[in-house]
Amino acid sequence: MIIPVRCFTCGKLIGDRWEEFARRIKTGENASDVLDSLGIKRYCCRRMLLSNVEIIDEVLRFYEEAEKRKEARNFY
Amino acid sequence: MKIEVLEKNETNLRLIIREVDVPLMNALRRIALAEVPSMAIDEVVMIENSSILQDEIIAHRLGLTPLKTDLDSYNLPEECSCKSEFGCNLCRVTLTLDAEAKEGTRTVYSGELVSENPEIVPVSDRVPIIKLAKGQKLKLEAYARLGKGKAHAKWQPVSMCAYKYYPKIEITSKNCENCTKCVDICPKKVLAIKDSKAEVRDLLACNLCMDCVEACPQEPKGITVAWEKNAFIMNIESTGALPPERVLQQATKILDKQLNEFEEQLKVEET
(Lines give C-alpha, C1' and ligand atoms only; values in the text may rest on other atoms or scores of the structure.)
Protein backbone atom coordinates (compact mmCIF):
# COMPACT_ATOMS: atom_id res chain seq x y z
CA MET A 1 0.00 0.00 0.00
CA ILE A 2 2.50 2.58 1.22
CA ILE A 3 6.20 2.13 1.94
CA PRO A 4 6.63 0.32 5.31
CA VAL A 5 8.32 2.37 8.02
CA ARG A 6 10.84 -0.30 8.98
CA CYS A 7 12.42 -3.35 7.42
CA PHE A 8 10.24 -6.39 8.19
CA THR A 9 13.22 -8.56 9.09
CA CYS A 10 15.78 -6.45 10.94
CA GLY A 11 13.85 -3.31 11.93
CA LYS A 12 16.04 -0.74 10.21
CA LEU A 13 14.28 2.51 9.36
CA ILE A 14 13.78 2.52 5.58
CA GLY A 15 10.60 4.59 5.09
CA ASP A 16 12.49 7.88 4.89
CA ARG A 17 14.67 6.62 2.01
CA TRP A 18 11.83 5.66 -0.32
CA GLU A 19 11.22 8.99 -2.02
CA GLU A 20 14.85 9.53 -2.90
CA PHE A 21 15.11 5.92 -4.08
CA ALA A 22 12.00 6.20 -6.28
CA ARG A 23 13.11 9.53 -7.73
CA ARG A 24 16.58 8.30 -8.62
CA ILE A 25 15.31 5.03 -10.12
CA LYS A 26 13.03 7.08 -12.35
CA THR A 27 16.01 8.97 -13.76
CA GLY A 28 17.41 5.63 -14.89
CA GLU A 29 20.03 5.05 -12.21
CA ASN A 30 21.04 1.51 -11.32
CA ALA A 31 19.00 0.29 -8.32
CA SER A 32 21.97 -1.44 -6.73
CA ASP A 33 24.09 1.72 -6.84
CA VAL A 34 21.27 3.82 -5.40
CA LEU A 35 20.79 1.40 -2.51
CA ASP A 36 24.53 1.39 -1.81
CA SER A 37 24.68 5.17 -1.74
CA LEU A 38 21.66 5.30 0.60
CA GLY A 39 23.60 3.07 3.01
CA ILE A 40 21.22 0.11 2.79
CA LYS A 41 23.55 -2.86 3.06
CA ARG A 42 21.60 -5.96 4.06
CA TYR A 43 19.43 -7.77 1.53
CA CYS A 44 16.47 -7.79 3.91
CA CYS A 45 16.35 -3.97 3.81
CA ARG A 46 17.18 -3.78 0.10
CA ARG A 47 14.20 -5.92 -0.88
CA MET A 48 11.90 -3.60 1.10
CA LEU A 49 12.62 -0.76 -1.33
CA LEU A 50 13.14 -2.89 -4.44
CA SER A 51 9.85 -4.74 -4.15
CA ASN A 52 7.60 -1.91 -2.95
CA VAL A 53 4.68 -0.77 -5.09
CA GLU A 54 2.89 2.38 -3.94
CA ILE A 55 -0.67 1.15 -4.43
CA ILE A 56 -1.91 4.07 -2.32
CA ASP A 57 -1.27 6.34 -5.32
CA GLU A 58 -3.66 4.24 -7.43
CA VAL A 59 -6.33 4.30 -4.73
CA LEU A 60 -5.99 8.04 -4.17
CA ARG A 61 -6.83 8.67 -7.83
CA PHE A 62 -10.46 7.70 -7.16
CA TYR A 63 -10.70 10.28 -4.37
CA GLU A 64 -9.05 12.96 -6.49
CA GLU A 65 -11.54 12.24 -9.27
CA ALA A 66 -14.51 12.39 -6.85
CA GLU A 67 -13.30 15.73 -5.53
CA LYS A 68 -13.00 17.12 -9.06
CA ARG A 69 -16.57 16.09 -9.90
CA LYS A 70 -17.86 17.65 -6.71
CA GLU A 71 -16.14 20.92 -7.62
CA ALA A 72 -17.52 20.80 -11.17
CA ARG A 73 -21.05 20.30 -9.82
CA ASN A 74 -20.67 23.29 -7.53
CA PHE A 75 -19.37 25.37 -10.42
CA TYR A 76 -22.48 25.00 -12.62
CA MET B 1 39.03 -7.08 28.63
CA LYS B 2 40.45 -4.94 25.85
CA ILE B 3 38.27 -2.95 23.50
CA GLU B 4 39.35 -1.42 20.23
CA VAL B 5 37.01 0.82 18.23
CA LEU B 6 37.08 0.13 14.50
CA GLU B 7 34.31 2.38 13.32
CA LYS B 8 32.00 4.77 15.07
CA ASN B 9 29.29 7.17 13.90
CA GLU B 10 25.77 8.14 15.00
CA THR B 11 24.24 4.82 14.02
CA ASN B 12 27.07 2.32 13.66
CA LEU B 13 29.63 0.96 16.08
CA ARG B 14 32.20 -1.74 15.28
CA LEU B 15 34.45 -3.01 18.03
CA ILE B 16 37.13 -5.62 18.59
CA ILE B 17 36.68 -7.03 22.07
CA ARG B 18 39.47 -9.26 23.41
CA GLU B 19 39.81 -11.45 26.49
CA VAL B 20 36.10 -12.14 26.91
CA ASP B 21 34.09 -15.33 26.46
CA VAL B 22 31.00 -16.25 24.45
CA PRO B 23 28.47 -16.24 27.34
CA LEU B 24 29.24 -12.61 28.20
CA MET B 25 29.14 -11.49 24.57
CA ASN B 26 25.87 -13.29 23.99
CA ALA B 27 24.34 -11.88 27.17
CA LEU B 28 25.23 -8.36 26.03
CA ARG B 29 23.82 -8.99 22.57
CA ARG B 30 20.55 -10.37 23.88
CA ILE B 31 20.15 -7.57 26.42
CA ALA B 32 20.81 -4.94 23.75
CA LEU B 33 18.07 -6.48 21.61
CA ALA B 34 15.44 -7.26 24.23
CA GLU B 35 16.03 -5.33 27.44
CA VAL B 36 17.45 -1.89 26.69
CA PRO B 37 14.48 0.49 26.79
CA SER B 38 13.71 3.03 24.09
CA MET B 39 10.85 5.40 23.32
CA ALA B 40 8.00 4.55 20.93
CA ILE B 41 4.40 5.60 20.42
CA ASP B 42 2.21 3.13 22.27
CA GLU B 43 -1.29 4.55 22.23
CA VAL B 44 -3.05 6.71 19.65
CA VAL B 45 -6.31 8.58 20.05
CA MET B 46 -7.88 9.28 16.66
CA ILE B 47 -9.79 12.53 16.65
CA GLU B 48 -10.49 12.66 12.94
CA ASN B 49 -9.46 10.31 10.19
CA SER B 50 -11.00 10.68 6.76
CA SER B 51 -7.96 9.22 5.01
CA ILE B 52 -8.04 5.96 3.09
CA LEU B 53 -6.00 4.00 5.65
CA GLN B 54 -7.67 2.55 8.74
CA ASP B 55 -6.95 3.96 12.20
CA GLU B 56 -5.04 0.80 13.17
CA ILE B 57 -2.66 1.00 10.21
CA ILE B 58 -1.83 4.62 10.93
CA ALA B 59 -1.31 3.81 14.63
CA HIS B 60 0.95 0.93 13.69
CA ARG B 61 3.03 3.11 11.38
CA LEU B 62 3.35 5.77 14.09
CA GLY B 63 4.41 3.12 16.59
CA LEU B 64 7.19 1.86 14.34
CA THR B 65 8.61 5.35 13.76
CA PRO B 66 11.71 5.48 15.98
CA LEU B 67 11.82 8.40 18.44
CA LYS B 68 14.92 10.00 19.92
CA THR B 69 15.08 8.69 23.46
CA ASP B 70 16.18 10.39 26.66
CA LEU B 71 16.75 7.55 29.11
CA ASP B 72 17.90 9.77 31.97
CA SER B 73 14.74 11.86 32.35
CA TYR B 74 12.09 9.21 31.65
CA ASN B 75 11.06 6.11 33.59
CA LEU B 76 9.63 2.84 32.41
CA PRO B 77 5.85 3.03 33.04
CA GLU B 78 5.92 -0.05 35.32
CA GLU B 79 8.71 1.46 37.43
CA CYS B 80 7.37 5.00 37.52
CA SER B 81 6.38 6.51 40.85
CA CYS B 82 3.01 7.68 39.47
CA LYS B 83 1.62 4.09 39.35
CA SER B 84 -0.98 5.44 36.98
CA GLU B 85 -2.46 3.63 34.02
CA PHE B 86 -2.30 6.78 31.96
CA GLY B 87 1.22 7.80 32.96
CA CYS B 88 2.64 11.12 34.10
CA ASN B 89 5.19 13.63 32.82
CA LEU B 90 7.99 11.26 33.83
CA CYS B 91 6.84 8.26 31.85
CA ARG B 92 4.80 9.57 28.94
CA VAL B 93 5.22 12.03 26.07
CA THR B 94 2.28 13.36 24.09
CA LEU B 95 2.64 13.98 20.38
CA THR B 96 -0.03 15.50 18.20
CA LEU B 97 -0.62 15.49 14.50
CA ASP B 98 -3.01 17.72 12.64
CA ALA B 99 -2.85 17.45 8.88
CA GLU B 100 -5.22 18.38 6.12
CA ALA B 101 -4.79 18.26 2.36
CA LYS B 102 -6.05 21.65 1.28
CA GLU B 103 -4.39 21.94 -2.11
CA GLY B 104 -4.51 18.51 -3.70
CA THR B 105 -2.86 15.22 -2.77
CA ARG B 106 0.01 15.40 -0.34
CA THR B 107 2.16 13.21 1.89
CA VAL B 108 2.13 13.64 5.65
CA TYR B 109 5.61 13.13 7.13
CA SER B 110 6.75 12.20 10.62
CA GLY B 111 8.23 15.70 10.87
CA GLU B 112 4.70 17.07 11.23
CA LEU B 113 4.27 15.36 14.60
CA VAL B 114 4.35 18.01 17.30
CA SER B 115 5.87 16.79 20.54
CA GLU B 116 5.31 18.30 23.98
CA ASN B 117 9.01 17.68 24.65
CA PRO B 118 11.23 18.99 21.83
CA GLU B 119 13.87 16.36 22.75
CA ILE B 120 11.54 13.44 22.01
CA VAL B 121 10.96 13.72 18.27
CA PRO B 122 11.10 11.22 15.42
CA VAL B 123 14.64 10.24 14.42
CA SER B 124 13.92 11.16 10.83
CA ASP B 125 11.33 13.75 9.82
CA ARG B 126 11.01 12.34 6.29
CA VAL B 127 9.14 9.12 7.10
CA PRO B 128 5.88 9.11 5.12
CA ILE B 129 3.00 8.40 7.49
CA ILE B 130 0.14 8.64 5.05
CA LYS B 131 -0.92 10.21 1.79
CA LEU B 132 -4.03 12.38 1.81
CA ALA B 133 -6.19 13.28 -1.19
CA LYS B 134 -7.65 16.76 -1.39
CA GLY B 135 -10.14 17.40 1.40
CA GLN B 136 -9.04 14.49 3.59
CA LYS B 137 -8.05 15.12 7.19
CA LEU B 138 -6.01 13.38 9.84
CA LYS B 139 -6.03 14.57 13.42
CA LEU B 140 -4.71 12.50 16.28
CA GLU B 141 -3.02 12.46 19.65
CA ALA B 142 -0.31 9.89 20.32
CA TYR B 143 1.29 8.81 23.60
CA ALA B 144 4.89 7.63 23.56
CA ARG B 145 6.31 5.50 26.34
CA LEU B 146 9.53 3.73 27.17
CA GLY B 147 9.40 0.01 26.53
CA LYS B 148 11.53 -3.03 25.93
CA GLY B 149 12.27 -4.98 22.77
CA LYS B 150 10.93 -8.18 24.29
CA ALA B 151 7.44 -6.66 24.47
CA HIS B 152 7.38 -5.31 20.90
CA ALA B 153 10.03 -4.89 18.20
CA LYS B 154 9.21 -1.16 17.95
CA TRP B 155 11.03 -0.70 21.28
CA GLN B 156 14.21 -2.36 20.04
CA PRO B 157 16.97 0.30 20.08
CA VAL B 158 19.13 -1.65 17.61
CA SER B 159 18.36 -2.92 14.13
CA MET B 160 21.43 -5.13 14.24
CA CYS B 161 23.57 -6.35 17.10
CA ALA B 162 25.89 -9.20 16.17
CA TYR B 163 29.30 -10.57 17.02
CA LYS B 164 31.67 -13.02 15.36
CA TYR B 165 34.95 -14.64 16.24
CA TYR B 166 38.15 -12.83 15.36
CA PRO B 167 39.48 -14.76 12.35
CA LYS B 168 42.97 -16.17 11.98
CA ILE B 169 44.10 -17.01 8.43
CA GLU B 170 47.42 -18.62 7.66
CA ILE B 171 48.86 -19.26 4.22
CA THR B 172 51.68 -21.77 4.35
CA SER B 173 54.04 -20.97 1.50
CA LYS B 174 55.48 -24.50 1.70
CA ASN B 175 52.16 -26.08 0.69
CA CYS B 176 50.81 -23.30 -1.53
CA GLU B 177 51.37 -23.55 -5.27
CA ASN B 178 49.91 -20.12 -6.05
CA CYS B 179 46.90 -21.46 -7.95
CA THR B 180 44.82 -18.47 -6.60
CA LYS B 181 41.69 -20.66 -6.35
CA CYS B 182 41.20 -19.53 -2.75
CA VAL B 183 41.34 -15.88 -3.85
CA ASP B 184 38.68 -16.37 -6.52
CA ILE B 185 36.20 -18.28 -4.36
CA CYS B 186 36.20 -16.00 -1.29
CA PRO B 187 32.75 -14.30 -1.16
CA LYS B 188 34.01 -11.47 1.08
CA LYS B 189 37.18 -10.84 -0.96
CA VAL B 190 39.36 -11.35 2.10
CA LEU B 191 42.28 -12.59 0.03
CA ALA B 192 44.17 -10.81 -2.72
CA ILE B 193 47.01 -11.60 -5.08
CA LYS B 194 50.23 -9.72 -4.47
CA ASP B 195 53.42 -10.57 -6.38
CA SER B 196 51.56 -13.62 -7.80
CA LYS B 197 51.01 -14.91 -4.25
CA ALA B 198 47.82 -15.18 -2.24
CA GLU B 199 47.75 -12.74 0.65
CA VAL B 200 45.32 -11.67 3.36
CA ARG B 201 43.91 -8.29 2.34
CA ASP B 202 41.03 -7.66 4.74
CA LEU B 203 41.17 -10.07 7.68
CA LEU B 204 38.17 -8.60 9.54
CA ALA B 205 35.79 -9.22 6.63
CA CYS B 206 36.31 -13.00 6.90
CA ASN B 207 33.16 -14.82 8.04
CA LEU B 208 34.87 -18.19 8.51
CA CYS B 209 32.97 -19.87 5.67
CA MET B 210 35.95 -22.13 4.87
CA ASP B 211 35.33 -21.98 1.11
CA CYS B 212 38.99 -21.11 0.54
CA VAL B 213 40.16 -24.18 2.48
CA GLU B 214 37.83 -26.43 0.46
CA ALA B 215 38.94 -24.88 -2.81
CA CYS B 216 42.60 -25.52 -2.11
CA PRO B 217 43.71 -28.53 -4.22
CA GLN B 218 46.79 -29.18 -2.10
CA GLU B 219 47.12 -31.89 0.54
CA PRO B 220 47.96 -30.85 3.23
CA LYS B 221 46.11 -27.58 2.65
CA GLY B 222 48.07 -24.49 1.79
CA ILE B 223 45.62 -22.27 3.69
CA THR B 224 44.15 -22.67 7.14
CA VAL B 225 41.29 -20.64 8.60
CA ALA B 226 40.80 -20.62 12.36
CA TRP B 227 39.52 -18.19 14.97
CA GLU B 228 40.67 -16.78 18.24
CA LYS B 229 38.65 -18.24 21.09
CA ASN B 230 38.53 -15.11 23.23
CA ALA B 231 38.37 -12.29 20.71
CA PHE B 232 35.27 -11.01 18.96
CA ILE B 233 34.22 -8.42 16.44
CA MET B 234 31.00 -6.78 17.57
CA ASN B 235 28.80 -4.80 15.24
CA ILE B 236 25.95 -2.63 16.48
CA GLU B 237 23.60 -0.64 14.28
CA SER B 238 21.21 1.62 16.15
CA THR B 239 17.79 2.66 14.86
CA GLY B 240 18.75 6.20 15.90
CA ALA B 241 16.75 6.14 19.15
CA LEU B 242 19.94 5.89 21.19
CA PRO B 243 23.59 6.22 20.18
CA PRO B 244 25.07 2.71 19.77
CA GLU B 245 27.65 3.19 22.52
CA ARG B 246 24.84 4.19 24.90
CA VAL B 247 23.02 0.96 24.03
CA LEU B 248 26.06 -1.08 25.08
CA GLN B 249 26.57 0.93 28.27
CA GLN B 250 22.93 0.45 29.17
CA ALA B 251 23.17 -3.28 28.38
CA THR B 252 26.08 -3.73 30.81
CA LYS B 253 24.18 -1.81 33.50
CA ILE B 254 21.10 -3.99 33.03
CA LEU B 255 23.19 -7.18 33.12
CA ASP B 256 24.78 -5.97 36.35
CA LYS B 257 21.38 -5.25 37.86
CA GLN B 258 20.04 -8.66 36.87
CA LEU B 259 23.05 -10.46 38.34
CA ASN B 260 22.68 -8.53 41.61
CA GLU B 261 19.03 -9.51 41.77
CA PHE B 262 19.98 -13.12 41.14
CA GLU B 263 22.53 -13.01 43.95
CA GLU B 264 19.97 -11.52 46.34
CA GLN B 265 17.51 -14.28 45.48
CA LEU B 266 20.16 -16.92 46.13
CA LYS B 267 20.87 -15.43 49.57
CA VAL B 268 17.18 -15.51 50.42
CA GLU B 269 16.97 -19.15 49.36
CA GLU B 270 19.95 -20.10 51.53
CA THR B 271 18.64 -18.61 54.76
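Residues numbered from 1 in each chain as written. Chains lettered and ligands numbered in written order. Predicted model: local features only at pLDDT ≥ 70, side-chain atom pairs only at ≥ 80, totals over all residues. Heavy atoms only, no water.

1. Re the overall build of chain B
- Regarding its fold elements, chain B presents five helices and 12 strands.
- In terms of C-alpha radius of gyration, chain B reaches 25 Å, well past the compact-globule figure of 18 Å for 271 residues.
- In terms of its C-alpha atoms, chain B occupies a principal-axis envelope of roughly 75 × 70 × 25 Å.
- For chain B, the proportion of its 271 residues judged to be buried stands at 42%.
- Look at the contacts in chain B between residues 6 or more apart in sequence, and 70% of them connect residues 24 or more apart.
- Both charge centroids of chain B, one from 36 positive and one from 42 negative side chains, sit 4 Å from each other. (Helix = DSSP H or I, 4+ residues; strand = E, 2+ residues; numbered from the N terminus. Rg over C-alpha atoms; globule rule 2.2 N^0.38 Å. Buried < 20%, exposed > 50% of the residue type's maximum accessible area, 1.4 Å probe, protein only. Contact = heavy atoms within 4.5 Å. Lys, Arg positive; Asp, Glu negative; His and termini not counted. Charge placed at Lys NZ, Arg CZ, Asp CG, Glu CD.)

2. Quick word on the pairing of strand S1 (residues 2–8) of chain B
All names here are of chain B.
- In the sheet, S1 pairs with strand S2 (residues 12–18) via six bridges, with the strands oriented antiparallel. Bridge pairing links valine 5 to leucine 15 in S2.
- From the end of S1 to the start of S2, which pair antiparallel, there are three residues. (Pairing = 2+ DSSP bridges.)

3. A closer look at the interface of chain A and chain B
- Listed as interface residues are 24 residues of chain A and, on the opposing side, 28 residues of chain B.
- Here chain A packs against chain B, burying approximately 2,200 Å² in sum over the two surfaces, 58% of which is carbon and sulfur.
- Viewed at the interface, chain B and chain A are joined by six salt bridges.
- In this structure, lysine 131 of chain B and aspartate 57 of chain A form a salt bridge, with 3.0 Å as the shortest nitrogen-oxygen distance.
- Applying the counting criterion to the chain A and chain B interface returns 11 residue pairs in polar contact (both at pLDDT 80 or more).
- Examining the composition of the side of chain A that touches chain B, we find that eight residues originate from one element, helix H4 (residues 55–75) of chain A, more than from any other.
- Across the side of chain A that touches chain B, the residue classes break down as 11 nonpolar, two polar and 11 charged. (Buried area = accessible area lost by both parts, 1.4 Å probe. Salt bridge = Lys/Arg side-chain N within 4 Å of Asp/Glu carboxyl O. Polar contact = N/O pair within 3.5 Å; in protein donor to acceptor, adjacent residues only side chain to side chain. Nonpolar A, V, L, I, M, F, W, Y, C, P; charged D, E, K, R; others polar.)

4. Quick look at the packing of aromatic side chains
All names here are of chain B.
- For the structure shown, the criterion picks out four aromatic pairs over all chains.
- An angle of 85° between the planes, with centres 5.6 Å apart, marks the rings of tyrosine 163 and phenylalanine 232 as edge-to-face. Highlighted residues: tyrosine 163 in strand S9 (residues 158–171) and phenylalanine 232 in strand S12 (residues 223–238), separated in sequence by 69 residues.
- According to the relative accessible area criterion, phenylalanine 232 is buried, its value standing at 0%.
- Each residue in the set Tyr163, Tyr165, Trp227 and Phe232 is aromatic and connected to the rest through ring pairs, giving one cluster.
- One Lys or Arg, arginine 18, reaches over the ring of tyrosine 166 and ends 5.0 Å from the middle of that ring. (Phe/Tyr/Trp six-rings, centres within 6.5 Å; stacked < 30°, edge-to-face > 60°. Lys NZ or Arg CZ within 6 Å of the ring centre and 35° of its normal.)

5. Brief notes about the side chain of arginine 46 of chain A
All names here are of chain A.
- Mapped onto the secondary structure, arginine 46 falls in helix H3 (residues 43–50).
- For arginine 46, a relative accessible area of 15% corresponds to the buried category.
- Looking at arginine 46, its side chain comes within polar contact range of the main-chain oxygen of isoleucine 40, at 2.9 Å.
- Contact partners of arginine 46, with chain neighbours within four places excluded, come to Ser32, Leu35, Asp36, Ile40 and Lys41.

6. Thoughts on the domain arrangement of chain B
- Entries for chain B in the domain assignment read domain 1 (2–34 + 159–236) and domain 2 (38–153).
- Put simply, the middle of domain 1 of chain B and the middle of domain 2 of chain B, counted by C-alpha atoms, are 42 Å apart. (Domains from an automatic or database assignment.)

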